[in-house]
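# Summary of the model geometry
The primary structure of each chain is shown beneath.
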Amino acid sequence: MKTNFKNISSIIGFALIQLSLIIFINGCFNSSETLAQKNEGKMEYQVNKSENEWKTELSQEEFDVLRNKGTERPFTGKYDHHFEDGNYKCAGCGEILFTSETKYDSGCGWPAFYYADSSKVNYIKDNTFGMVRTEVVCSNCGGHLGHVFEDGPKDKTGIRYCINSVSLKFEKDTLNNSTNKSD
Ligand SMILES: [Zn+2]
């Protein structure tokens, strides 16, 4: 009987951890649906691969996030506090999605950007986990990137793209050419 109590308390403990995580995510994510309505219906992708093809091309972690809409644990992603100059490409198809110029530290535990080219990402309404959120996917391959919220920097766009590091591949700006700016 003692072991039963142990099991029950560990189950309750686990449930509490899950619940607090959901509360944390909910509190952190002040979401809006306006972007989801913006390009609804535009869901055809240039890159179309079978589940098996994706499985062989992607790592398990990349597959879980990009193809199964998983979320990396907060504060664990390799690009959360990464601020080198360059481009962030889709880890699924290689399309450039974000640039370092619009990346900032939101403190939420995932890489954050305040801008995305509307031709590069699609928005999908997401009602999972009892929240109303707007999912962001790559417009080229449909890979899940993260979510978008309207609590970004007020002096910029006011938008926060909260993106999984796993969904991105950073490419350093190797040109570093300051002479190409004419003014
Ligand atoms: Zn992609």
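My aim in this report is to walk through the structure given alongside it, one point at a time. (Residues numbered from 1 in each chain as written. Predicted model: local features only at pLDDT ≥ 70, side-chain atom pairs only at ≥ 80, totals over all residues.)

## What about the overall build of the chain?
- Each helix and strand counted, the chain has four helices and nine strands in total.
- Listing every helix and strand of the chain by position from the N terminus yields α-α-α-α-β-β-β-β-β-β-β-β-β.
- Here the chain holds 183 residues, and the buried ones make up 29% of them.
- Here the analysis covers contacts within the chain between residues at least 6 apart in sequence; of these, 62% occur between residues at least 24 apart. (Helix = DSSP H or I, 4+ residues; strand = E, 2+ residues; numbered from the N terminus. Buried ≥ 20, exposed ≤ 12 C-beta atoms within 10 Å, placed from the backbone. Contact = placed C-beta atoms within 7 Å.)

## A few points about the nonpolar core
- Membership of the largest hydrophobic core comes to 27 residues, with the highest contact counts inside it found for L97, F113, V121, V136, C138, Y161 and I163.
- Excluding residues within four positions of it along the chain, L97 makes contact with Y88, K89, C90, A116, K120, V121 and C138. (Core = buried A, V, L, I, M, F, W, Y, C linked by C-beta atoms within 7 Å.)

## A word on the sheet that holds strand β4 (residues 112-113)
- Strand order in the open sheet formed by six strands is β3-β4-β8-β7-β6-β5, with antiparallel pairing between adjacent strands. The two strands at the open ends of the sheet, each matched to only one other strand, are β3 (103-104) and β5 (121-126).
- Where strand β7 (residues 144-149) meets strand β8 (residues 160-163), four bridges bridge the pair, whose relative direction is antiparallel. Residue pairing across strands places G146 opposite I163, the latter belonging to β8. (Pairing = 2+ DSSP bridges.)

## A short note on the pairing of β7
- The element β7 is extensively covered by neighbouring structure, given that six of its six residues are classed as buried.
- One ladder, built from four bridges, connects strand β6 (residues 133-138) with β7; its direction is antiparallel. Looking across to β7, one finds that T134 is bridged to V148.
- Between β6 and β7, which follow one another and run antiparallel, lie five residues, and G142 among them has a positive phi close to 80 degrees.

## Digging into the sheet that holds strand β2 (residues 96-99)
- With antiparallel pairing, the three strands of this open sheet are ordered in space as β2-β1-β9. With one partner strand each, in any of the chains shown, β2 and β9 (168-172) form the two edges of the open sheet. For this sheet, the mean angle separating the axes of adjacent strands, direction not counted, is 30 degrees.
- Where strand β1 (residues 86-90) meets β2, three bridges bridge the pair, whose relative direction is antiparallel. If you follow K89 over to β2, its bridge partner there is I96. (Axes fitted to C-alpha atoms, helices over the stretch in contact; angles between N-to-C directions.)

## Some remarks on the environment of K49
- With respect to the helices and strands, the residue K49 is situated in the loop between α2 (34-38) and α3 (51-57).
- Overall, the presence of 17 C-beta atoms within 10 Å leaves K49 in the partly exposed class.

## With respect to helix α4 (residues 60-67)
- For α4, the full list of buried residues reads E62, V65 and L66. Buried positions in α4, seen along its axis, are confined to an arc of 90 degrees and lie on one side of it.
- Packed against the buried residues of α4 are β7.
- A positive backbone phi angle near 60 degrees is found at K69, which sits one or two residues after α4. (Arc of directions from axis to C-beta.)

## Quick word on the environment of D126
- Tracing the backbone through its elements, the reader meets D126 in strand β5.
- Taking the C-beta count within 10 Å as the criterion, D126 has 18 such neighbours and is therefore assigned partly exposed.
- C-alpha separation for the pair D126 and V136, spaced ten residues apart in sequence, amounts to 9.6 Å.

## Here's the deal with the environment of G143
- Along the chain, the position of G143 falls in the loop between β6 and β7.
- Residue G143 is classed as buried on the basis of its 26 C-beta neighbours within 10 Å.
- Apart from residues lying up to four places away in sequence, G143 is in contact with L66, R67, C90, G92, C93, V137, C138 and S167.

Don't take any of this as a statement about function, it's just geometry.
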